[in-house]
Amino acid sequence: EEVYELDSNKAVTAYFVETKHVPVVFIEEASDKPDLKLYVEQEQRTFRITLRDSSGLADNVIVKISTDFDEEKIYAVIGAAVGHSPVRLQLAPLKASSRKASPIKYGDKFDEVLNFMKANKQPRVLIYTKLLHSLKEFENLQKINVMLCRQDIDKPKQLSLFFGKEDRYLKDLIDKVPKEDIPASDDVTWKFCLLNRGKISQILDSEFPISKAVGRSVNLGLAEVPVKGSGRLCSFFCYSGSYLNSVRVPGIISFSEKESPSEFKKQLSSLTGVEIKDLNLFDDSMFPEPFSFELLQENPLAEAEMPIKFENYLGLSST
């Protein structure tokens, strides 16, 4: 509300504005004061929009948007409100069914979306996603989902990695993984792998084409692999009760034939954080056999050339 002190000797103009609830009269002096008529008309075209973070990690933010704003101004207002570069934002309206609509493409007009919101034909909510690339670049990228297998987390974490036409091999993807997700270590290296029913079935070569890894039939993982010179490798998984009830994340461990079964079991328990009740070996048919080092003599060495395929899996039965 703005209050002006009126001089009785000056002419004044009154504007009658209809609202949904009560009539409002704006009085303007015939001077160099702000144009209140223009102000009222602008306010009638302005409304509040709720901004909702697609990741769910930030609180909702409310901004004022006008149907007069062009696309550049809308992105600028929203970028300032959420603390992110306007050119690296992806926006998507919320449908009346409370489901996220298709994202607004680069260069698309906001006219229809804003008019629908203004007319209450759809919720006044925009879902925003903070991008690492500009929206224009992002729309030319492809996405591949990778399951991160780390022994210090309870369940595999899905990573969405975006790559361009210049990225051809898995070695080009490793730089797309956030460094905090794959901490550096002298004991292990990070390798892409194939997952088969929740178990690591193959460690892939860094020259493996990305085009072959994209598709529903391929379950791509990223796992810790013991460094070279650390013995033979074994793919393992943890289960409770039945082998169908997998717990924690699958992994790869190295072992030496010189180890005793009790030492190996203690090493597995320390790595997984699981109290182990029993060990069994499974092939692809998931038929169990009692564990013995003799059955693992043909397993690949850590210094073997990639790709490495596992013929069997070590199942850790937890208590």
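Just so it is clear, the structure is predicted and the values come from calculations on it, not from any experiment.

Caption draft 1: Just the layout of surface pockets, in detail. Size it by volume and the largest pocket reaches roughly 870 Å³. Listed by contribution, the elements that provide at least two residues to the lining of the largest pocket are strand S6 (125–130) and strand S8 (157–163). For the lining of the largest pocket, the leading source of residues is S8, giving 6 residues. Of the residues contributing to the lining of the largest pocket, the split by class is 10 nonpolar, 8 polar and 8 charged.

Caption draft 2: Summary view of helix H3 (residues 111–118). For H3, the complete set of buried residues consists of Val113, Leu114 and Met117. Buried residues in H3, looked at end-on, bunch into an arc of 95°, giving them a common side. The inward-facing, buried residues of H3 contact strand S3 (46–53), strand S4 (61–66), helix H2 (71–82), strand S5 (89–93) and S6. Downstream of H3 by a residue or two, asparagine 120 has a phi angle that is positive, lying close to 60°.

Caption draft 3: Quick peek at the packing of aromatic side chains. Enumeration according to the criterion identifies 8 aromatic pairs in this entry. Between phenylalanine 138 and phenylalanine 162, the ring centres sit 4.9 Å apart and the planes meet at 55°, which makes this aromatic pair tilted. Taken together, the residues span a long stretch of sequence, with phenylalanine 138 in helix H4 (residues 135–138) and phenylalanine 162 in strand S8 at a distance of 24 residues. Its relative accessible area of 15% is what places phenylalanine 138 among the buried residues. Here tyrosine 239 and phenylalanine 282 contribute two aromatic rings whose centre-to-centre distance is 6.0 Å and whose plane-to-plane angle is 85°, an arrangement assigned as edge-to-face. Of this pair, tyrosine 239 sits in strand S12 (residues 232–240) while phenylalanine 282 sits in strand S14 (residues 276–282); the two residues are 43 residues apart in sequence, bridging distant segments of the chain.

Caption draft 4: Structural context of the sheet that holds S5. In spatial order, the strands read S4-S3-S6-S5; together these 4 strands make up an open sheet with mixed pairing. Strands at the two margins of the open sheet, each flanked by one partner only, are S4 and S5. Strand-to-strand, the axes of this sheet are offset by a mean angle of 35°, without reference to chain direction. The strands that H3 touches are S3, S4, S5 and S6; relative to S3, the one it contacts most, it runs at about 105°.

Rules used throughout
Residues numbered from 1 in each chain as written. Predicted model: local features only at pLDDT ≥ 70, side-chain atom pairs only at ≥ 80, totals over all residues. Heavy atoms only, no water. 1 Å grid on protein atoms, 1.4 Å probe; cavity = no way out; pocket = protein on both sides within 12 Å on 5 of 7 lines; lining within 4 Å. Points joined across faces, edges and corners; volume = space filled by probe spheres on them. Helix = DSSP H or I, 4+ residues; strand = E, 2+ residues; numbered from the N terminus. Nonpolar A, V, L, I, M, F, W, Y, C, P; charged D, E, K, R; others polar. Buried < 20%, exposed > 50% of the residue type's maximum accessible area, 1.4 Å probe, protein only. Arc of directions from axis to C-beta. Contact = heavy atoms within 4.5 Å. Phe/Tyr/Trp six-rings, centres within 6.5 Å; stacked < 30°, edge-to-face > 60°. Pairing = 2+ DSSP bridges. Axes fitted to C-alpha atoms, helices over the stretch in contact; angles between N-to-C directions.

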